[in-house]
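# Examining the three-dimensional arrangement
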There are 2 protein chains.
Amino acid sequence: MSQSNTADVATYMQQVGKQARTASRTLAAANTGDKNSALIAIHDVLVDNKQDILSANKIDMDNGQKNDLEAALLDRLELNEDRFEGMLQGLKDVAALPDPIGEVTDMTYRPSGIHLGKMRVPLGVVGMIYESRPNVTLEAASLALKSGNAIILRGGSEAFESNQAIAKCIHQGLKKAGLSEHSVQVLQTTDRAAVGELITMTEYVDVIVPRGGKGLIARISNDAKVPVIKHLDGNCHTFIDSDADSKIAIDVSVNAKTHRYGTCNTMETLLLDDTIADELLPKIAEAIVQADDAMQLRLDDKAQALLKDNAKLEGHLSSATDEDWDTEYLAPILAIKIVAGIDEAIEHINTHGSHHTDVIITDNYTKSQRFIREVDSASVMINASSRFADGFEYGLGAEIGISTDKIHARGPVGLEGLTSQKWIVYGHGETRA
Amino acid sequence: MSQSNTADVATYMQQVGKQARTASRTLAAANTGDKNSALIAIHDVLVDNKQDILSANKIDMDNGQKNDLEAALLDRLELNEDRFEGMLQGLKDVAALPDPIGEVTDMTYRPSGIHLGKMRVPLGVVGMIYESRPNVTLEAASLALKSGNAIILRGGSEAFESNQAIAKCIHQGLKKAGLSEHSVQVLQTTDRAAVGELITMTEYVDVIVPRGGKGLIARISNDAKVPVIKHLDGNCHTFIDSDADSKIAIDVSVNAKTHRYGTCNTMETLLLDDTIADELLPKIAEAIVQADDAMQLRLDDKAQALLKDNAKLEGHLSSATDEDWDTEYLAPILAIKIVAGIDEAIEHINTHGSHHTDVIITDNYTKSQRFIREVDSASVMINASSRFADGFEYGLGAEIGISTDKIHARGPVGLEGLTSQKWIVYGHGETRA
């Protein structure tokens with residue numbers, strides 16, 4: 001399809017929306033076996049059409065190189081043998097997950113005589129907007145199918161040919177399994193107006209899941225009329241309490257900062273209680289710098305005073321500015337602040353953090369419980385690395401994303417995030433008095 | 001406070017938002033006893049200041065009469081002895097409810113060694129926009145307090161004096177119990193621009209709960225950047241299947257239609273399987289008309305053919321138009337349609353309904369289960385009146401509202417709707433490999 005103007009895009013998107021809504025009704029009623037059969041059928045079609053998909057990806061890669069796409073973007077765009085195998089394995093993994101749909105809980109008799117409970121059901125239609133990563137097309141489609149949702153996919157335009165080739169295979173697989181091809185629709189246009197339509201079609205779309213840079217997500221979330229499950233910042237803290245075990249304080253700090261830099265659950269600010277800072281801060285700082293020689297430490301005045309003459313840290317230190325407390329570096333940079341105790345630590349985290357994942361290192365019972373209770377973040381931890389805030393580490397099987405919202409889904413979101421619960425009533429002729 | 005321009009309103013609302021956010025931190029950490037003490041303290045202050053509140057309400061009532069307010073609006077605005085007693089009882093009832101906050105569930109060890117679970121916590125700050133009903137001010141404040149949320153209240157301007165008088169008592173009660181007065185803020189302006197600020201202050205407000213007419217709620221929900229828990233239509237159906245028990249079909253239909261008209265869980269459309277329509281429809285129609293002589297029945301062609309010569313129904317019949325299938329009457333009017341079976345019934349309900357509450361009357365196992373599974377509504381019932389879709393009938397203790405959304409809260413919403421769950425991790429020094 002080629003789009004000549006906005007009216008055409010609107011008409012096209014209305015059609016896509018209607019088809020998705022219709023398909024979602026069938027999918028909601030599909031049993032677990034049928035959904036799994038579809039996933040395996042898609043797997044088999046992909047195996048048979050591997051060369052077509054890799055050829056389509058080559059066109060995208062060639063275009064990307066011609067258009068001077070950044071190396072990092074080209075890397076994400078590429079479908080090599082390993083990634084293709086990963087896609088195939090992903091389909092089998094999702095097929096093996098338990099089906100979240102149909103779970104009935106809390107059935108209880110009410111005084112009126114009705115038997116009341118809740119049933120887990122699909123949300124209906126998911127809209128997904130993401131970068132030029134063709135493997136995400138398949139991953140999102142499989143998670144939607146498993147949870148009984150129809151999905152409309154809008155990947156980055158640089159991956160257009162790859163996504164269309166994958167879509168063709170998905171449709172063949174759906175057909176083989178007797179499910180509607182409209183269960184998974186990959187948009188056949190790269191017109192940006194399509195995104196505007198997708199995020200405002202409340203009649204046809206039940207939830208939007210955007211993936212990409214913070215700017216894109218903030219824009220989508222600002223313009224959307226459809227509810228958005230979104231992830232913004234990951235400005236995570238570790239607070240070393242006065243009653244911290246030294247070894248745990250050092251091990252967890254090093255892991256939370258240096259295990260990976262580009263992840264949202266990486267520590268960005270280290271807070272230390274001032275009564276133990278002079279003993280523990282040098283040890284932690286040295287261990288972190290030893291783990292990565294490129295590490296930069298941004299220090300408040302007190303930390304600066306404690307570390308400035310430390311020969312092992314030479315060339316790694318600078319003064320923190322106010323901005324540092326609010327920054328997600330995603331880089332070998334760590335902000336360090338000395339606080340007067342747990343009150344200041346909690347206040348700092350709730351004020352400057354992004355409510356993502358925050359950690360206390362302590363052996364004190366009362367303070368551990370206060371931290372768990374009072375820190376307003378999606379994940380709150382005692383004596384563990386913030387890097388554990390992850391769908392796979394949490395045992396969700398698959399991860400739709402990590403939500404920094406409080407409504408609906410919070411923190412790592414599994415298949416359950418694409419479901420809702422309806423009330424069900426089993427009666428025997430009851431009427432209301 | 002008097003507002004001279006929009007900039008002033010914006011500044012005022014920023015201040016209100018900041019105060020609410022700060023108060024919400026204290027409230028989130030307040031224990032159950034303190035929250036209950038505050039509710040009882042507010043109760044006692046209200047008892048002591050009854051005359052002041054009734055006097056303030058008299059000013060509102062006099063103004064309302066001067067401004068030719070509709071009788072129905074004046075009725076809702078009035079605080080008489082009964083309503084005042086109801087408000088007092090409401091505070092005691094909410095104090096007696098279990099505290100939803102702090103509940104820990106699903107604690108489980110992960111292979112990494114961390115002990116992972118979920119803790120129920122307040123959302124933070126609730127914004128409530130509602131009509132000129134002063135008793136709602138107290139009800140909303142008490143539900144927010146109990147669930148550990150700060151609340152910003154924007155009631156209808158006709159109730160301004162009553163609401164300010166009630167706010168004064170709430171603040172005294174909060175103070176007596178040692179909680180921040182900013183836990184409950186009743187806006188001191190009737191400027192409409194304040195609503196626009198309230199629903200877009202994502203930094204300070206976590207959820208908006210609007211109450212009022214459908215037009216108002218649709219407008220708020222369209223303009224809001226803060227998530228909205230909303231209720232739009234209640235276009236509820238009862239489907240009489242070919243295997244229905246006649247007595248249950250008649251009893252439930254009469255109750256669902258005639259028990260109350262202004263409620264969102266009232267039946268608006270009756271669907272009948274065509275194989276039993278000629279036997280059952282006359283009985284049901286006669287019983288409904290007998291229950292209320294003002295009843296109007298709007299019939300499709302087949303129903304019309306079955307009922308047109310029925311002397312008992314003379315003057316009660318007319319032909320349905322397409323619009324009738326999409327209409328919430330909130331009046332003694334019932335649309336009736338004959339369908340070819342459960343497939344057409346489910347299709348009709350999912351297409352024309354408002355996904356609120358829908359009922360099947362049947363003694364057939366397979367069809368009862370298909371209806372429960374395939375009807376995409378917040379409440380789906382077998383052999384019971386749709387009038388049961390209600391927070392009190394569902395045992396929620398208190399009702400924040402009824403949600404027609406699928407995200408976060410669906411159907412009748414209790415205190416739990418004002419909470420979220422955060423992940424908690426108890427570690428022992430674990431780091432990620």
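Residues numbered from 1 in each chain as written. Chains lettered and ligands numbered in written order. Predicted model: local features only at pLDDT ≥ 70, side-chain atom pairs only at ≥ 80, totals over all residues. Heavy atoms only, no water.

Named according to an unreviewed UniProt entry, chain A is Gamma-glutamyl phosphate reductase originating from Psychrobacter saeujeotis. As recorded by UniProt, the Function (unreviewed entry) comment attached to chain A reads in full: "Catalyzes the NADPH-dependent reduction of L-glutamate 5-phosphate into L-glutamate 5-semialdehyde and phosphate. The product spontaneously undergoes cyclization to form 1-pyrroline-5-carboxylate." (UniProt positions renumbered as here; feature names shortened; annotations may be inferred.)

This paragraph deals with the packing of helix α5 (residues 81-96) of chain A against helix α6 (residues 134-146) of chain A. Residue and element names in this part refer to chain A. Between α5 and α6, the least distance of the axes is 10 Å, while the angle of their chain directions is 10°. On the basis of the axis angle, α5 is roughly parallel to α6. On the side of α5, the interface is formed by Arg 83, Met 87, Leu 91, Val 94, Ala 95 and Ala 96, while α6 contributes Asn 135, Leu 138, Ser 142, Leu 143 and Lys 146. Residue composition of the contact of α5 with α6, grouped by class: 7 nonpolar, 2 polar and 2 charged. (Axes fitted to C-alpha atoms, helices over the stretch in contact; angles between N-to-C directions. Helix = DSSP H or I, 4+ residues; strand = E, 2+ residues; numbered from the N terminus. Parallel < 35°, antiparallel > 145°, perpendicular 65-115°, else oblique. Contact = heavy atoms within 4.5 Å. Nonpolar A, V, L, I, M, F, W, Y, C, P; charged D, E, K, R; others polar.)

Attention shifts here to the interface of chain A and chain B. Interface size, as often reported, equals the accessible area lost upon joining of the parts. Listed per partner, the contact involves 72 residues of chain A and 72 residues of chain B. Each partner contributes to the roughly 5900 Å² buried at the junction of chain A and chain B, and carbon and sulfur atoms together form 53% of this total. Three residues stand out in chain A for area buried against chain B, namely Arg 373, Trp 423 and Arg 432 of chain A, and they jointly supply 16% of the buried area on that side. Counting across the interface, chain A meets chain B through 8 salt bridges. Of the charged contacts in the structure, one is a salt bridge between Arg 25 of chain B and Asp 376 of chain A, with a shortest N-O distance of 3.2 Å. Summed over the shared surface of chain A and chain B, the number is 53 residue pairs in polar contact (both at pLDDT 80 or more). Counting only elements with at least two residues in the side of chain A that touches chain B, the list comes to α1 (6-29), β2 (115-122), α10 (246-258), α14 (365-374), β13 (379-384), β15 (411-413) and β16 (419-430) of chain A. A total of 11 residues in the side of chain A that touches chain B trace back to one element, the largest contributor, which is β16 of chain A. Of the residues assigned to the side of chain A that touches chain B, the class counts are 31 nonpolar, 22 polar and 19 charged. Taken together, the 5 bridges between β13 of chain A and strand β16 (residues 419-430) of chain B define a ladder with parallel strand orientation. In the strand pairing of β16 of chain B, Val 380 of chain A is matched with Ile 424 of chain B. (Buried area = accessible area lost by both parts, 1.4 Å probe. Salt bridge = Lys/Arg side-chain N within 4 Å of Asp/Glu carboxyl O. Polar contact = N/O pair within 3.5 Å; in protein donor to acceptor, adjacent residues only side chain to side chain. Pairing = 2+ DSSP bridges.)

Here we take up the domain arrangement of chain A. Domain boundaries in chain A define domain 1 (6-229 + 413-425) and domain 2 (236-388). Placing the centre of domain 1 of chain A and that of domain 2 of chain A at their C-alpha centroids yields a distance of 38 Å. (Domains from an automatic or database assignment.)

What follows deals with the UniProt feature "domain: Aldehyde dehydrogenase" (unreviewed entry) in chain A. Residue and element names in this part refer to chain A. The residues that UniProt annotates with the feature "domain: Aldehyde dehydrogenase" (unreviewed entry) are residues 14-289 and 325-389. Taken end to end, residues 14-289 is 54% helix and 16% strand, and its two terminal C-alpha atoms sit 55 Å from one another. With 32% helix and 28% strand, residues 325-389 has end C-alpha atoms that lie 21 Å from one another.

With that settled, the discussion passes to the sheet that holds strand β6 (residues 207-210) of chain B. All names here are of chain B. If you trace the 4 strands from one edge of the open sheet to the other, you get β5-β4-β3-β6, paired in parallel fashion. Edge positions in the sheet fall to β5 (184-186) and β6, since each of these pairs with one other strand and no more. Adjacent strand axes in the sheet meet at a mean angle of 20° when their direction is disregarded. Where strand β3 (residues 125-129) lies against strand β4 (residues 150-154), 5 bridges are found, and the strand directions are parallel. From the neighbouring strand, Val 125 faces β4, where its bridge partner is Ala 150. Contacts between helix α1 (residues 6-29) and the sheet are confined to β3, β4 and β5, with β4 contributing the most and set at about 145° to the helix. Along the sheet face, helix α6 (residues 134-146) touches β3, β4 and β5 and points at about 165° away from the line of β4.

Residues and elements named next belong to chain A. Spanning 13 residues, α10 covers 18 Å between terminal C-alpha atoms, matching the ideal 18 Å at 1.5 Å per step. Regarding α10, the residues found buried are Ile 248, Ala 249, Ile 250, Val 252, Ser 253, Val 254, Asn 255, Ala 256, Lys 257 and Thr 258. The N-cap residue of α10 is Asp 245: its side-chain oxygen and the backbone nitrogen of Lys 247 are 3.0 Å apart. (Expected span 1.5 Å × (residues − 1). Buried < 20%, exposed > 50% of the residue type's maximum accessible area, 1.4 Å probe, protein only.)

Time to look at the relation of the copies chain A and chain B. Two chain copies, one operation linking them: a rotation about an axis together with a shift along it. The transformation that overlays chain A on chain B combines an axial shift of 0.0 Å with a rotation of 180°, and the residual RMSD is 0.0 Å. Expressed as an axis order, the relation between the two copies is that of a two-fold axis. The C-alpha atom lying nearest the rotation axis in chain A is that of His 408 of chain A; the distance is 1.9 Å. Interface overlap between copies: 100% of the residues of chain A at the interface are likewise at the interface in chain B, consistent with a symmetric, same-surface contact. (Least-squares fit on C-alpha atoms with pLDDT ≥ 70 in both.)

The next point concerns the pairing of strand β4 (residues 150-154) of chain A. Residues and elements named next belong to chain A. Where burial is concerned, most of β4 is hidden: 5 out of the 5 residues are buried. Residues Ala 150, Ile 152 and Arg 154 point to one face of β4 and Ile 151 and Leu 153 to the other, with burial holding for every one of them. Considered for its hand, the β-α-β crossover made up of strand β3 (residues 125-129), α6 and β4 is right-handed. Relative to strand β5 (residues 184-186), β4 is paired through 3 bridges, and the arrangement is parallel. In the sheet register, Ile 152 faces β5, and the bridge partner there is Gln 185. Between β4 and its parallel partner β5, the chain crosses via helix α7 (residues 160-176), and the hand of that crossover is right-handed. (Right-handed = clockwise from strand over helix to strand, strands pointing away.)

Let us look at the sheet that holds β13 of chain A. If you trace the 10 strands from one edge of the open sheet to the other, you get β10(A)-β9(A)-β11(A)-β8(A)-β7(A)-β12(A)-β13(A)-β16(B)-β2(B)-β1(B), paired in mixed fashion. Of all the strands in the sheet, just β10 (317-319) of chain A together with β1 (104-109) of chain B have a single pairing partner and so form its edges. The average angle at which neighbouring strand axes cross in this sheet is 25°, direction not considered. One ladder, built from 4 bridges, connects strand β9 (residues 296-299) of chain A with strand β11 (residues 333-339) of chain A; its direction is parallel. Across the sheet, Gln 296 of chain A pairs through a bridge with Ile 333 of chain A, a residue of β11 of chain A. Contacts from α14 of chain A reach β7 (236-240), β12 (357-361) and β13 of chain A together with β2 (115-122) and β16 of chain B, with the element oriented near 145° to β16 of chain B.

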